[in-house]
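Given next are the chains, with one letter for each unit.
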Amino acid sequence: MIQLFAKAPLPGQAKTRLIPALGAEGAAALHRRLVWRALGTACEASARLGLGPVRLWTALDHHHPFFAECRRAFDIALEPQQEGDLGRRMAAVFAEPRRPAPRLLMGADCPGITPALLVHCWEALAERDAVFLPAEDGGYGLIGLWRREPALFDDIAWGSEAVMAATRQALTRIGWRWVEPARVWDLDRPADLPRLEALRPRDGSAHRALKASAAGRQCLDYS
């Protein structure tokens, strides 16, 4: 299963670091655009892999009309995120099913993730315990696991530049094999906005695989 975390597009609460450049309404509108793009990417990858519906885990306002619109447009499942920090919310996603099963979880803030990259992550997970897409800011844009492991979610300084480094240390301690197929970037600050515009495909499709992504991919394998 491919899954996605997303907040409701509430002005003043979504993409807050972009408010100085876009205003509260503009930042919320951009967040909607990012979630829509990420859902299209996830659904295309899921279809290629023959998986079931993508699951969207919602935050801030589970009953926001935008989420209902997403469900109608993409035929996805909706679930509210649990309360708590990011680690606790992610751990809950991987708590089910009780027997090991592969799952990918991504955010909506990394527009460079393509369907092809998601397919690659899924296929890589088949032979390893975990897969990650590290982000330039020190976190990660995607995590894929077969089962929940508390060491990956506890005692991590979420939101800091040390998230991926601390995660690698935890993976090494528990003896897991993992792979990092590519490095991605978060759209989080005004300086990132030109990078989003550069991703806009010329043919109008929001989900065309990007040549730059494939050319710049560097896979790190920790098997």
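Here the residue index of a chain counts from 1 through its sequence in written order. Selection of residues for local features in this predicted model requires a pLDDT of at least 70, selection of side-chain atom pairs for listing and counting requires 80 or more, and totals for whole chains, interfaces and linings are taken over all residues. Heavy atoms from the whole structure form the basis of all side-chain values; hydrogens and water molecules are not counted.

### Notes on the pattern of salt bridges
Under the convention used in this document: Salt bridges, as used here, are contacts in which a Lys or Arg side-chain nitrogen is within 4 Å of a carboxyl oxygen on Asp or Glu. Think of it this way: any DSSP run of H or I at least four residues long counts as a helix, any run of E at least two long counts as a strand, and we number them from the N terminus. Only protein chains enter the accessibility calculation, which uses a 1.4 Å probe. A residue is then buried if its area is under 20% of the maximum for its type, exposed if over 50%, and partly exposed in between.
On inspection of all chains with the given rule, the structure shows eight salt bridges. Residue Glu 69 is joined to Arg 32 by a salt bridge in which the shortest nitrogen-to-oxygen separation is 3.2 Å. Of the two residues, Glu 69 is situated in helix α2 (residues 65–74) and Arg 32 in helix α1 (residues 19–49); the sequence distance between them amounts to 37 residues. According to the relative accessible area criterion, Glu 69 is partly exposed, its value standing at 30%. Taking the relative accessible area as the measure of exposure, Arg 32 reaches 32% and is therefore partly exposed. It is possible to trace a salt-bridge network through shared partners that takes in Lys 15, Arg 17, Asp 109 and Asp 188.

### Let's talk about the nonpolar core
Formally: Residues enter a nonpolar core if they are buried and are Ala, Val, Leu, Ile, Met, Phe, Trp, Tyr or Cys, with the set joined through side-chain atoms within 4.5 Å. The contact definition used throughout considers only heavy atoms, calling two residues in contact when any of these lie within 4.5 Å.
Leu 39, Leu 56, Ile 76, Leu 104, Met 106, Leu 133 and Leu 142 are the most contacted members of the largest nonpolar core, which totals 38 residues. Counting only elements with at least two residues in this core, the list comes to β1 (2–7), α1, α2, β4 (103–106), α4 (115–125) and β5 (130–134). Excluding residues that lie within four positions of it along the chain, Leu 142 makes contacts with Leu 104, Leu 105, Met 106, Leu 118, Cys 121, Val 131, Phe 132 and Leu 133.

So far we have only geometry, and geometry alone does not tell us how the molecule works.
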